[in-house]
Every structure is written in structure tokens, then in C-alpha cells.
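Summary of structural features
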Amino acid sequence: AADEEFPNQLTSAGLTRDAGVVYAIGRLVIFAPTGSPLVVDERLQGLSRLLQAGRVTRFAIANPDVAPYGRAAEAVLRNHGLWDAIRPRLVMGDTIAQAAQFATTGNAVGGLIAYSLVTEPGVADRGRYALIPQTDHAPLRQRMVLLKRATPIVEQFYAYVQGAAARTVLIKNGYEVPQ
């Protein structure tokens, strides 16, 4: 899961073998599609200036009510004092992938989206991005659990995701991995 809430609920319900493991930590970026007037920077100063100039038409995030990356995006915007001003201009995806579609296709001046999505082929070359400092939001810890009824092939996959080969893939695709 992209957060720890759902796996923890499964564990609390007694459906898992144990509490599971954090296998990756997600990161947020601010992204502006090619041609956007948004200047991307980790402190969101470009977004602040664009808002003050009245030039933010739409800005994409995942819905904070249902998506962990949306909650992180809201925290970042609040921490930078931009939430109230930008809220009427937000387009919210049901998922972080949908928010990334809005941000990367030019349907918004930009967005706060997952770093892992901008590392995908054909996305990073659609615009510019800057990593958001992890101190600007709660960690995006991604936890997996093994259900009690898991089959041997699922057990193998669970072990694989914790191994060196999978960790290399995760890092290459924009995630941090716990030590």
C-alpha cells in the first residue's frame, strides 16, 4: 500500500501473519508541464509568485481524503502558506496517477505528484520538476503485509520485494528504501 493505514487495518483485524514491513518511502515533486508559466523549486516560491499574480488556473494533487500522496501534498501547501489561496484552483485526482495525468498533460499549470511517476519513460520529458524536501510532510512509508492465507508464490514475492534486486529497482524508480 502507498501508506501504512490499510496494512495496519488488516493487521488489527487479525488477517496478517505479522505487522509487515516498510519496503519503500515515496517522494513528492512539484511538476510543471512544458509551456507552463510555473517555475518549479523545492520551496514552492515559483508557485507562490504565480498565485500572487493570479496566474494559477488549475493545480493538480491527489485527493487528500482518499490518497496518501494527496495528504502529503496538502501538508506541503499548508506548510508553505499556500493552501487557502490555491484550494479553489485545485483539480484532485482520485489517485496520485490521475493527479499526475492532470499535471503532465497541460490541463493544469502543474502539480504535486509522486517522484516515482516522473521517472517513468515519457513523463520527465514532458516538463520540469523539483523534489520536495521530506521535512515538508509526513513520510510516505509504503508498507506491505503478508496475509495469513498467502500462497507460496506470494510468500516468494514478499521476500523478493525485501531483497537487494527489488531495492535496486525501487531506488531506480524514484523511491527511497529503508535501511
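To start, this report covers the structure provided alongside it. (Residues numbered from 1 in each chain as written. Predicted model: local features only at pLDDT ≥ 70, side-chain atom pairs only at ≥ 80, totals over all residues. Heavy atoms only, no water.)

Attention shifts here to the pattern of salt bridges. Evaluation of the coordinates by the stated rule reveals 7 salt bridges. In this structure, Arg 71 and Asp 3 form a salt bridge, with 3.2 Å as the shortest nitrogen-oxygen distance. Within this pair, whereas Arg 71 is found in helix 3 (residues 68-79), its partner Asp 3 is found in the segment before helix 1 (5-12), the two being separated by 68 residues in sequence. A relative accessible area of 15% places Asp 3 in the buried class. Salt-bridge contacts for Arg 27 lead to Glu 176; the nearest nitrogen and oxygen are separated by 3.1 Å. A residue pair is termed long-range when its members are at least 10 positions apart, and Arg 27 in the loop between strand 1 (21-26) and strand 2 (28-33) and Glu 176 in the segment after helix 8 (164-172) qualify at 149 residues. Salt bridges linked by common partners bring Glu 4, Arg 141 and Arg 143 together as one network. (Salt bridge = Lys/Arg side-chain N within 4 Å of Asp/Glu carboxyl O. Helix = DSSP H or I, 4+ residues; strand = E, 2+ residues; numbered from the N terminus. Buried < 20%, exposed > 50% of the residue type's maximum accessible area, 1.4 Å probe, protein only.)

Turning our attention to the nonpolar core. The tendency in soluble globular proteins is for nonpolar side chains to be buried side by side. Core analysis: the largest hydrophobic core is formed by 51 residues, its most contacted members being Ile 30, Leu 47, Phe 59, Leu 77 and Leu 112. Not counting residues within four places of it along the chain, the set of residues in contact with Leu 47 comprises Ile 30, Leu 38, Val 39, Val 56, Phe 59, Leu 77, Leu 82 and Ile 86. (Core = buried A, V, L, I, M, F, W, Y, C linked by side-chain atoms within 4.5 Å. Contact = heavy atoms within 4.5 Å.)

It is worth spelling out the layout of surface pockets at this point. Taken as a whole, the largest pocket spans an internal volume of roughly 180 Å³. Ala 2, Asp 3, Glu 4, Pro 68, Arg 71, Ala 72, Ala 75, Ala 138, Pro 139, Leu 140 and Arg 141 are the residues that line the largest pocket. Among the elements of the structure, helix 3 and strand 7 (140-144) are those that each provide at least two residues to the lining of the largest pocket. By residue class, the composition of the lining of the largest pocket is 7 nonpolar, no polar and 4 charged. (1 Å grid on protein atoms, 1.4 Å probe; cavity = no way out; pocket = protein on both sides within 12 Å on 5 of 7 lines; lining within 4 Å. Points joined across faces, edges and corners; volume = space filled by probe spheres on them. Nonpolar A, V, L, I, M, F, W, Y, C, P; charged D, E, K, R; others polar.)

This part takes up the pairing of strand 3 (residues 59-62). The alternating pattern of strand 3 places Phe 59 and Ile 61 and Ala 60 and Ala 62 on opposite faces, both of which are buried. As defined by bridge partners, strand 3 adjoins strand 4 (residues 90-93) across 4 bridges and the pair is classed as parallel. Counterpart to Ala 62 in the pairing with strand 4 is Gly 93. Sheet analysis places strand 3 next to strand 5 (residues 110-114), joined by 2 bridges and oriented parallel. Pairing of Phe 59 across the sheet is with Gly 110, part of strand 5. (Pairing = 2+ DSSP bridges.)

Read these as spatial facts, not as claims about activity.
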